[in-house]
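# Geometric and topological summary
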Amino acid sequence: MAKTTEAAKVAVDELTPTEASYRPTGERLEPTTKKERVSWFAYDWANHGISSAVTVFALPLFLDYLAFHAGSGYPAPVLGPGDSAGKLPDFAALTAANATWYQFGSCIAGNSSLPLTDQAYYDRCVVPWAGGYIRATTWTLNVTSISVACQAFFYITLGSLADHGGLRKRLLLIFTYIGVAASLLLLIPTPETYWLAAVFLVLMNIGYGTSLVLYVAYLPLLAEADPRTLSLSPEDKADVAKYQHKVEDVTNILSSTAFATAYLAGTFLAAVSGGMIILLGTPLGYKVSIVICGVWWGFFAIPLMLNVKERAGPPLPKGEFFATYSWKQLFKTLYNIPKLPRLFWFLLCWWIYSDSFGSLASLAVLFAQSELKLSSLIISTLVIIAPFGAAIGNTVTILIQRRVGASAKSTLMGLLAVYGIACCYGLVGLSPNVPIGFKNPKWWYEMPVFAFVHGFLLGPTQSYSRVVFSELIPPGRETEFFSIYAITDKGSSWIGPLIVGALNQAGGTLRLSFVYFVTAFLIPIPILFFLVDMVKGKKDALTMGRVRLPNGSPNSSQ
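Residues numbered from 1 in each chain as written. Predicted model: local features only at pLDDT ≥ 70, side-chain atom pairs only at ≥ 80, totals over all residues. Heavy atoms only, no water.

## Examining the pairing of strand β4 (residues 132-135)
Two strands pair when backbone bridges link them, and strand β3 (residues 125-129) and β4 are joined in this way by four bridges, in the antiparallel orientation. By the bridge assignment, Trp 129 is partnered in β4 with Gly 132. Turn length for the β3-β4 hairpin, with the two strands adjacent in sequence and antiparallel, is two residues, and the turn residue Ala 130 shows positive phi of about 50°. (Pairing = 2+ DSSP bridges. Helix = DSSP H or I, 4+ residues; strand = E, 2+ residues; numbered from the N terminus.)

## Things to note about helix α22 (residues 524-531)
Since the α-helix packs 3.6 residues into each turn, any two residues three or four apart lie on the same face. Those residues of α22 lying buried are Pro 524, Ile 525, Ile 527 and Leu 528. Here the buried residues of α22 occupy an arc of 170° about the axis, which is enough to place them on one side. Opposite the buried face of α22, by more than 90 degrees, sit the exposed residues Phe 529 and Phe 530. Contact partners of the buried residues in α22: α14 (341-353), α17 (408-428) and α21 (513-522). (Buried < 20%, exposed > 50% of the residue type's maximum accessible area, 1.4 Å probe, protein only. Arc of directions from axis to C-beta. Contact = heavy atoms within 4.5 Å.)

## A closer look at the environment of Pro 460
Within the element layout of this structure, Pro 460 appears in helix α18 (residues 446-470). Leave out the neighbours within four places in its chain, and Pro 460 touches Ala 390, Gly 393, Asn 394, Thr 397, Leu 415 and Gly 455.

## A word on the nonpolar core
Grouped together as the largest cluster of nonpolar side chains are 140 residues, with contacts concentrated most on Trp 40 and Phe 346. If you tally residues by element for this core, the top one is helix α2 (residues 34-70), at 17 residues. Among residues more than four places away in sequence, those in contact with Trp 40 are Tyr 215, Tyr 218, Leu 219, Leu 222, Leu 254, Ala 258, Val 308 and Arg 466. (Core = buried A, V, L, I, M, F, W, Y, C linked by side-chain atoms within 4.5 Å.)

## Thoughts on the packing of aromatic side chains
In this structure the tally under the stated criterion is 28 aromatic pairs. Between Phe 299 and Phe 300 the ring centres are 5.0 Å apart and the planes differ by 85°, which places this aromatic pair in the edge-to-face class. Looking at Phe 300, the relative accessible area reads 25%, which means it is partly exposed. The ring of Tyr 218 carries Arg 168 above its face, with NZ or CZ at 5.4 Å from the centroid. (Phe/Tyr/Trp six-rings, centres within 6.5 Å; stacked < 30°, edge-to-face > 60°. Lys NZ or Arg CZ within 6 Å of the ring centre and 35° of its normal.)

## A closer look at the pattern of salt bridges
According to the stated counting rule, one finds 10 salt bridges in the structure shown. Two residues, Arg 168 and Asp 163, come together in a salt bridge whose shortest N-O distance is 3.0 Å. Classification of Asp 163 as buried rests on a relative accessible area of 1%. Across the salt bridge formed by Arg 477 and Glu 480, the nearest N and O atoms sit 3.1 Å from each other. (Salt bridge = Lys/Arg side-chain N within 4 Å of Asp/Glu carboxyl O.)

## Things to note about the confidence of the model for the protein chain
Mean pLDDT over the protein chain works out to 78, with 80% of the residues at or above the 70 mark. When pLDDT is averaged over each element of the protein chain, α22 comes out on top at 96 and helix α1 (residues 2-8) at the bottom at 35. In this model, residues 1-27 is a region of pLDDT below 50 whose contacts with residues beyond four sequence positions or in other chains number 63 contacts. The model gives residues 547-558 a pLDDT under 50, and that stretch makes 32 contacts with residues more than four places away or in other chains. (pLDDT = per-residue confidence, 0-100.)

## A short note on the packing of α14 against α22
Between α14 and α22, whose axes approach to 9 Å, the crossing angle comes to 170°. By the criterion of interaxial angle, the relationship of α14 to α22 is roughly antiparallel. For the crossing formed where α14 meets α22, the hand is left-handed. Counting all contacts with α14, which are made through Arg 342, Trp 345, Phe 346, Leu 348, Cys 349, Ile 352 and Tyr 353, the residues of α22 involved are Pro 524, Ile 527, Leu 528 and Leu 531. A per-class count over the contact of α14 with α22 returns 10 nonpolar, no polar and one charged. (Axes fitted to C-alpha atoms, helices over the stretch in contact; angles between N-to-C directions. Parallel < 35°, antiparallel > 145°, perpendicular 65-115°, else oblique. Left-handed = near helix turned anticlockwise from the far one by under 90°. Nonpolar A, V, L, I, M, F, W, Y, C, P; charged D, E, K, R; others polar.)

Below is the structure:
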């Protein structure tokens, strides 16, 4: 133990060329302390209420509430030019000029012909959109897609920039408190100003998503600077496979601990949010829930502010403009993608399945409310069960992985397979002769069981995904590549809501969306198995990264 402690205290400048083989040149990676690691975990504890209790629970319901109270409806379809009897209107064709064909009236106030218990109420309530009209439920999904597109812009603009100088931590805190402020401002919107909710949602998601990218970019840095990694012998550091195995193990521990911590906080905040909604009713309960999560986020971000080192990179190259540097680097990186083929194939897989997490959670809430007509109490229970299942899933999965000796990649493939099979349950309900599959409100317990399974798989799938990715990125370019990771995620995040919205718009049911989820989880498995070789991927990353080669000579590519 004493030997390990001494090894962990060796200064970076004192390392031999071989010992420094896998270290970014130009960055001082001082050994991490317990306080720094705990403070890093605390940020996941801080921000996870936004994803567990706000974006998949309180906020979709709040936006839904605003849209239906601001929207217009028609008691029954009537004939317009070229229409046949009983035909629902073509929403794309609805304009201010011809809307009178459909006898519009308020969806809520004084309109007894549109009772809340009538499915037609949800089908026939529309809000203005781009010169026409769309279903109120589709409006919520479209606003989410816009916020995701805005996130992607900031990921690109700040990605490479944050790897230089001392910007990573400062930018993380700036965007954290932009998100916190926007969550507090969501107290303001009313049905008359429902569009304000869309504005504040965009700002909150920009703050949340950008700060999360900057936070996760610390993961490979902390893993490499962990005392357990620094204790490796020079011979083991010179062996790429052995070094990769050690760093993967440490990264897995750090990532799983952070996610477990995050989902415990998410469980608590989801319970609090559900309690507020039941106690205060709507819409005040929605607003208070969002504000509580925002205050929690801001408060528990303080330990990171105080205790996590900047771990600064080299200064920005001379002559580069900060606003355009990351965009130029992105195009250079994309040009060099052939040098990182295994990373490319992993990103393709991540692009396919990552969107399904958030879209599936949001769909479940909307499905339970609009199609099954479940009570607020049951819906609140779903949102509490999912993060609780995720916390358990992270712990159980890492124990199983160690027990069977599986790699992070193999574990990830197994999780995706189970996820795809689980989503098939929603398709069972398409058969008119089968009573199960989320069809009968009396069988409400199907949804809590599915929520637990979703959470149990969600936590470890997210954790193992970023563990695998962190092993494939060039050292010294952590934020740049985790920005690409997030862009890949968010680059597909508009697809899920858009597909779900389109299916809902065309078929009048959210159930068809399960076809998309099953496909998204199963397609990546053969790609990961055949095309993502982790040892070769690590060698690719070392060749391209800001590192010394195993023979001690500087990397000529830099």
